[in-house]
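For reference, the chains in residue letters:
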Amino acid sequence: MTNNSIKQNVLVVAAHADDEALGCGGTITKHIANGDTVTVIFMTNGVSSRLNSSTADENNRQSAMKQALETLGVCNYRCFDFPDNQMDTVPLLSIVKSIENVITEFQPSIVYSHFAHDLNIDHRITHQAVLTACRPIKGCSVKKILSFEILSSTEWQSPTLPSFQAQYIVDISQYWHKKEQALLCYQEELRDFPHSRSLACIEALATLRGASHGFAKAEAFQVERIIVI
Ligand SMILES: [Zn+2]
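Residues numbered from 1 in each chain as written. Predicted model: local features only at pLDDT ≥ 70, side-chain atom pairs only at ≥ 80, totals over all residues. Heavy atoms only, no water.

Draft legend 1. Structural detail: the packing of helix α1 (residues 19-33) against helix α5 (residues 176-185). Where α1 contacts α5, the two axes come as close as 8 Å, and the packing angle between them is 140°. Between α1 and α5, the angle is such that the two are oblique. Between α1 and α5 lies a crossing of right-handed hand. Here α1 contributes Ala21, Leu22, Gly23, Gly25, Gly26 and Thr29 to the contact with α5, which in turn contributes Lys178, Lys179, Ala182 and Leu183. (Axes fitted to C-alpha atoms, helices over the stretch in contact; angles between N-to-C directions. Helix = DSSP H or I, 4+ residues; strand = E, 2+ residues; numbered from the N terminus. Parallel < 35°, antiparallel > 145°, perpendicular 65-115°, else oblique. Left-handed = near helix turned anticlockwise from the far one by under 90°. Contact = heavy atoms within 4.5 Å.)

Here is the structure:
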């Protein structure tokens, strides 16, 4: 993204539809504006753990996801069907293999995914599976792995665990409105202020990350790996 002449393949691995918009919606749009190819994969349908969830709920989440991806400019996506909020019931190896297959197919150089110590179990397992699938062996396309922060999960982690470190900052001032539009597609997932997954709080975090580094709006990531060749 820093060099406009080199187009990159970017992979976003989200546990649930809305994590891509919450965690890196502005950065996705910025990559696309730079001519990069962005693929998003979703690990679960995001609703089946809910009380009385129905096929209609699943379809609603799917159509919200499609609208959000269209808003962000993403054409490539794939949905896996691991059990929502129960990814710990699936052997890690099958999750890793599904991500490895996507990596082999799309050869991303940058991967964005969840923070290791989020409160949400699917986020934690997705993180673990991504790091395993991206083992830095000879021939691996992945040179950069960045973890995003998801409000109402990253900041709700146990205080005994290491906190998210905002180490890698992407200026999304120009792209905030796209992120906001994508979030509005997931109206069902947003909460009223003062919940931390309210639009007001999501904007406040983007403003804090931005203004802490001299921008109007930013998204912050923790660096898991950067390999320079
Ligand atoms: Zn999630």
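Draft legend 2. Layout of the pattern of salt bridges. Tallying each qualifying case throughout the model produces seven salt bridges. Ionic pairing is found between Glu105 and Arg78, a salt bridge with its closest N-O pair at 2.8 Å. With Glu105 in helix α3 (residues 92-106) and Arg78 in strand β3 (residues 76-82), this residue pair connects regions lying 27 residues apart in the sequence. The partly exposed category is assigned to Arg78, whose relative accessible area is 30%. Of the charged contacts, one joins Arg209 and Glu149 as a salt bridge, the two residues approaching to 2.8 Å between their closest N and O atoms. Of this pair, Arg209 sits in helix α6 (residues 199-211) while Glu149 sits in the loop between β5 (144-148) and β6 (168-171), and the two are 60 residues apart along the sequence. Using a relative accessible area of 18% as the deciding quantity, one classes Arg209 as buried. (Salt bridge = Lys/Arg side-chain N within 4 Å of Asp/Glu carboxyl O. Buried < 20%, exposed > 50% of the residue type's maximum accessible area, 1.4 Å probe, protein only.)

Draft legend 3. Focus on the environment of Asp81. Relative to the elements of secondary structure, Asp81 occurs in strand β3. In the structure, Asp81 is positioned 81 residues away from Pro162 in sequence and 30 Å away in space, judged by C-alpha atoms. Asp81 has contacts with Met43 and Asn45, leaving out every residue within four places of it along the chain.

Draft legend 4. Region of interest: the environment of Leu69. Relative to the helices and strands, Leu69 resides in helix α2 (residues 55-72). Sequence-distant contacts of Leu69, defined by excluding residues within four places in its chain, comprise Glu20, Val40, Phe42, Val74 and Tyr77.

Draft legend 5. Region of the structure containing the coordination of the zinc ion. Of the protein atoms, only His16 (ND1), Asp19 (OD), Asp19 (OD) and His123 (NE2) coordinate the zinc ion, at distances of 2.1 to 2.5 Å. Read in sequence order, the donor residues for the zinc ion give the motif H-x2-D-x103-H. (Donors = N, O, S within 2.8 Å, 3.2 Å for Na, K, Ca; no water.)

Draft legend 6. Expanded view of the sheet that holds strand β7 (residues 218-226). Taken in spatial order, the seven strands make up an open sheet running β3-β2-β1-β4-β5-β7-β6, and their pairing is mixed. Strands at the two margins of the open sheet, each flanked by one partner only, are β3 and β6. Strand-to-strand twist of the sheet, defined as the mean angle between neighbouring strand axes without regard to direction, takes the value 25°. Against the sheet, α3 makes contact with β1 (9-14), β2 (37-44) and β3, and its axis sits at roughly 165° relative to β3, the strand it touches most. (Pairing = 2+ DSSP bridges.)

Draft legend 7. Seen up close, α6. Across its 13 residues, α6 extends 18 Å between first and last C-alpha, which sits within 8% of the 18 Å expected from 1.5 Å per residue. Of the residues making up α6, those classed as buried are Ile202, Leu205, Ala206, Arg209 and Gly210. An end-on view of α6 places all buried positions within 130° of arc, on one side of the element. (Expected span 1.5 Å × (residues − 1). Arc of directions from axis to C-beta.)

Interpretation in functional terms is not warranted from these geometric data alone.
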